[in-house]
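Structural description and commentary
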Amino acid sequence: MDKKKSKLKWVLLVVVVLIAGIFLFFKFGDPKYKNALIKEASTWPIVRKLVGMNVQDDYEKNVQDTGFDDSNVGVKEHVARKLTGYTNIALIGLDSRNKEFEDSTHSDTMIIVSINNDTNSVKLVSLYRDTMLKVTYKDGSVHYTKANQGFFRGGIEGAVSMMNTNLDLDITDYAIVNFSGFAEIIDSIGGLDITITEKEKEYINHYLVGNREITKMKSDDVTKYGKVHLNGLQVASYCRIRYTPFYDEEGNRYNDDLGRTARQRYIIEKIVKKVKKGGVNDALDLVKRAMDMNTPDRTFIKSSLSYDEIMDLVPAMIDYNIEAQTGFPFTLDTPTIGTASMVVAQGLAYNVEELHHFLFGDEEYQVSDEVREISDYITNYTGIGEVRLPEETAESESESESKKLTE
């Protein structure tokens, strides 16, 4: 009996020492080895089960959209086969207040997040919300209208289907955040340091008036311009600006909605860099806070990704690096059709080919028959023909060229 007790004490001591060692390793260990261990451990069934005991139920209850039907989002079979080396996710930003996550809300932000499964590099493409595309409403009717009508008229399945149908993509997962949730995420990482112009400062303060009323969050006006530190609501207001030019770090100028989406991608890059600099502990803490945002009365964030799918993405999340970002379409015109200001691709088929070149390195891509038909219809309806980028234009310059067309 005494021997059994003695053996048990030694076992408990070893367990305590191991736990203490793991804690110290994650607290003070070399990030390179720590990240390598997490990447490997994320594939172990026992680790997934242990982590799941703490977070899986909360995630599935508060965040996961289990009703999302990924068989109803317009993925073409040959496209799915062609893009097997990539994980493509739709990131949607909504101008919603509380629970309007199903439809009847405009998707102010539509970003394609493409992850190379071999290199874990990430590319971002903003789909301009006013782009004329083929949109199918919930009642089955088909319209050639603004891309943001995909969500407004068809909910998240309508928005994802619109992207897949018009762009030959294989998106079967999404993440949605409204601007209240976006502001809280920024606050949870301590705000961001960005550079703004005097005019941008004025617009931030203008949007803050309405944002404070809607979100009930407190935020002072921005008093300076140049390099400033902004809180969550100030950053969310900055991301809504489209009436003054945006200048990227290379000095390229972007106008109107092209500038607004460029600001959004700029902020995403800032968030990624800050979270990455904070390390794994800060990233995991951010994920936990995001899961706790939703309440029975308010929805801030929602995703179709399952717990296991998120665990599959752990290696990519640890190694993530935003390799490139741009807006779509690359070549465009901005006519007024009826009473609405539209963005019309100067050859949708050509622009989709360029999109596949940008995202997947496929220089020989040929669009599907459906995209060709949509492209021909838009050309015939608007009278706007194909315009190609200069052959020497590099991928990183694609958005710079497209914005020149709207200046």
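All of these numbers come straight from a predicted model, not from anything done at the bench. (Residues numbered from 1 in each chain as written. Predicted model: local features only at pLDDT ≥ 70, side-chain atom pairs only at ≥ 80, totals over all residues. Heavy atoms only, no water.)

A few words now on the pattern of salt bridges. Under the criterion given, the structure shown has twelve salt bridges. The closest approach of N and O atoms between K199 and E202, which form a salt bridge, is 3.5 Å. Here E202 and K199 lie together in helix α7 (residues 198-215), a separation of three residues that amounts to about one turn. With a shortest N-O distance of 2.9 Å, R263 and E200 are connected by a salt bridge. (Salt bridge = Lys/Arg side-chain N within 4 Å of Asp/Glu carboxyl O. Helix = DSSP H or I, 4+ residues; strand = E, 2+ residues; numbered from the N terminus.)

A word on the nonpolar core. General note: in soluble globular proteins, nonpolar side chains tend to be found buried as a group. Within the largest apolar cluster, 48 residues are counted, with the highest numbers of intra-cluster contacts made by M163 and F328. Non-local contacts of M163, meaning those with residues more than four positions away in its chain, are made with A90, I92, M110, I112, L127, D168, L169 and I171. Core analysis: the next-biggest nonpolar cluster, separate from the first, contains 32 residues, I241, A262, Y266 and I267 among them. (Core = buried A, V, L, I, M, F, W, Y, C linked by side-chain atoms within 4.5 Å. Buried < 20%, exposed > 50% of the residue type's maximum accessible area, 1.4 Å probe, protein only. Contact = heavy atoms within 4.5 Å.)

Under the counting rule described, the total for this entry stands at nine aromatic pairs. Plain terms: the ring middles of Y86 and F360 are 4.8 Å apart, the flat faces sit at 65° to each other, and that makes the pair edge-to-face. Taken together, the positions of Y86 in strand β1 (residues 86-94) and F360 in helix α12 (residues 348-360) put the pair 274 residues apart, joining distant regions of the chain. Ring centres of Y144 and Y377 lie 4.0 Å apart, and the angle between their planes is 25°; this geometry places the pair in the stacked category. With Y144 in strand β5 (residues 142-146) and Y377 in helix α13 (residues 369-382), the pair connects residues that are 233 residues apart, well separated along the chain. Take Y377: its relative accessible area is 38%, and that puts it in the partly exposed class. Through a chain of ring-to-ring contacts, three or more aromatic side chains come together here, namely Y144, Y377 and Y381. Seen from the ring of F358, K123 lies directly overhead, with NZ or CZ sitting 5.3 Å from the centre. A cation sits over an aromatic face here: R263 above Y238, 5.8 Å from the ring centre. (Phe/Tyr/Trp six-rings, centres within 6.5 Å; stacked < 30°, edge-to-face > 60°. Lys NZ or Arg CZ within 6 Å of the ring centre and 35° of its normal.)

Moving on, we get to the pairing of strand β6 (residues 173-178). The element β6 is extensively covered by neighbouring structure, given that five of its six residues are classed as buried. Where β1 lies against β6, six bridges are found, and the strand directions are parallel. Directly across from A90, in β6, lies its bridge partner Y174. (Pairing = 2+ DSSP bridges.)

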